[in-house]
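Below are the chains, spelled out letter by letter.
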Amino acid sequence: MTKKILIAISLFLFIGISVYLYTYKGHRDIESETADYVVTVSGLEKEFTSNDSLAYIKYQDKTIEITAQVTAIDTASNGIVMGEKIFATFKDRLPAAISTGKTLKIKGRFLGYDELLQEFKIDQSSIVH
């Protein structure tokens with residue numbers, strides 16, 4: 001009887017610890033990761049227009065790298081709009097090197113497509129040199 005209780009307690013502890021470690025993983029450092037995909041604004045638009053379900057599966061929560069012209073700056077949310085279709089937010093604050101009309105290469109985590117604003121969303125962005 002005590003052997004069964006010990007096995008049950010051990011199993012319970014193992015499952016509990018596994019769930020805890022799965023739930024509270026360490027935070028990703030997108031800036032130090034290599035990009036899973038190097039894309040263009042028009043390439044993203046094509047993929048989401050042709051089959052948005054497959055495109056979401058492919059890009060969701062992946063690190064992407066994109067080069068485009070800065071078309072707007074939103075200092076309130078630490079974000080920029082690139083190529084009029086990409087809204088990228090930075091972790092802390094906007095780097096001083098950013099200005100409207102400048103072409104930048106950034107890397108960040110792809111969040112998805114906002115159908116209302118018709119923009120692709122990227123967070124944890126950083127400038128690639």
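Scoring rules and cut-offs
Numbering of residues starts from 1 in every chain and runs along the sequence as written. Reporting of local features is limited, given that this is a predicted model, to residues whose pLDDT is at least 70; pairs of side-chain atoms are given and counted only at 80 or more, and all residues count toward the totals for whole chains, interfaces and linings. Side-chain metrics rest on all non-hydrogen atoms present in the structure, leaving aside hydrogens and water. In this description a helix means any DSSP run of H or I spanning at least four residues, a strand means any run of E spanning at least two, and both kinds are numbered starting from the N terminus. The globule rule is 2.2 Å times the number of residues to the power 0.38, and the radius of gyration it is compared with is taken over C-alpha atoms. Residues grouped as a nonpolar core are buried Ala, Val, Leu, Ile, Met, Phe, Trp, Tyr and Cys residues, joined through side-chain atoms within 4.5 Å. Classification of residues uses two cut-offs on accessible area relative to the type maximum, computed with a 1.4 Å probe and protein chains only: under 20% is buried, over 50% is exposed, and between them is partly exposed. The contact definition used throughout considers only heavy atoms, calling two residues in contact when any of these lie within 4.5 Å. For Phe, Tyr and Trp, rings pair up if their centres lie within 6.5 Å, where Trp contributes its six-membered ring, and each pair is then called stacked (planes under 30 degrees apart), edge-to-face (over 60) or tilted (otherwise). Axis geometry follows a simple rule: fit a line to the C-alpha atoms, using only the stretch in contact for helices, then measure angles between N-to-C directions, giving values from 0 to 180 degrees. Angle categories are assigned with fixed cut-offs, so that under 35 degrees is roughly parallel, over 145 is roughly antiparallel, 65 to 115 is roughly perpendicular, and the rest are oblique. Three classes are used, and their members are as follows: Ala, Val, Leu, Ile, Met, Phe, Trp, Tyr, Cys and Pro are nonpolar, Asp, Glu, Lys and Arg are charged, and the others, Gly among them, are polar. In the sections that follow, a salt bridge refers to a side-chain nitrogen of Lys or Arg positioned within 4 Å of a carboxyl oxygen of Asp or Glu.

### Describing the overall build of the chain
A count of helices and strands for the chain gives 3 helices and 6 strands. Along the chain, helices and strands appear, N-terminal first, in the series α-β-α-α-β-β-β-β-β. Relative to the globule expectation of 14 Å for 129 residues, the C-alpha radius of gyration of the chain, 20 Å, shows a markedly less compact shape. Along the longest, intermediate and shortest principal axes, the C-alpha atoms of the chain span 75 × 35 × 25 Å.

### Notes on the nonpolar core
Counting 23 residues, the largest nonpolar core has Leu 44, Ile 66, Ile 80, Ile 86, Ile 98, Leu 104 and Phe 110 as the members making the most contacts within it. The set of elements that each furnish at least two residues to this core consists of α2 (41-50), α3 (52-59), β2 (63-74), β3 (79-82), β4 (86-90), β5 (103-114) and β6 (119-127). Per-element tally for this core: the top contributor is β2, with 4 residues. If sequence neighbours within four positions are ignored, Ile 86 has contacts with Val 41, Leu 44, Ile 66, Ile 80, Val 81, Phe 120 and Ile 122.

### Notes on the packing of aromatic side chains
The final tally for this structure, using the stated rule, is 9 aromatic pairs. Here Tyr 37 and Tyr 59 contribute two aromatic rings whose centre-to-centre distance is 5.0 Å and whose plane-to-plane angle is 70 degrees, an arrangement assigned as edge-to-face. Taken together, the positions of Tyr 37 in strand β1 (residues 37-39) and Tyr 59 in helix α3 put the pair 22 residues apart, joining distant regions of the chain. Classification of Tyr 37 by relative accessible area gives partly exposed; the value is 26%.

### Structural notes on the environment of Val 70
Secondary-structure assignment places Val 70 in strand β2. For Val 70, a relative accessible area of 1% puts it in the buried group. When the C-alpha positions of Val 70 and Phe 12 are compared, they lie 53 Å apart, and in sequence the two are 58 residues distant. Discounting chain neighbours no more than four positions away, the residues touching Val 70 are Ile 80, Val 81, Met 82, Ile 98, Ser 99, Thr 100, Gly 101, Lys 102 and Leu 104.

### Comments concerning the packing of α2 against α3
Interhelical geometry of α2 versus α3 gives an angle of 130 degrees and a closest axis separation of 5 Å. Here α2 lies oblique to α3, going by the angle between them. Residues Leu 44, Glu 47, Phe 48 and Ser 50 of α2 form the contact with α3, whose participating residues are Asp 52, Ala 55, Tyr 56, Lys 58 and Tyr 59. Residues that form the contact of α2 with α3 fall into these classes: 5 nonpolar, 1 polar and 3 charged.

### A closer look at the pattern of salt bridges
This structure, assessed with the given rule, holds 7 salt bridges. Linking Glu 47 and Lys 58 is a salt bridge whose minimum nitrogen-to-oxygen distance equals 3.3 Å. Highlighted residues: Glu 47 in helix α2 and Lys 58 in helix α3, separated in sequence by 11 residues. For Glu 47, a relative accessible area of 24% translates into the label partly exposed. A salt bridge links Lys 121 to Glu 119, with the nearest nitrogen and oxygen atoms 3.3 Å apart. A single burial state applies to Lys 121 and to Glu 119, both of which are buried.

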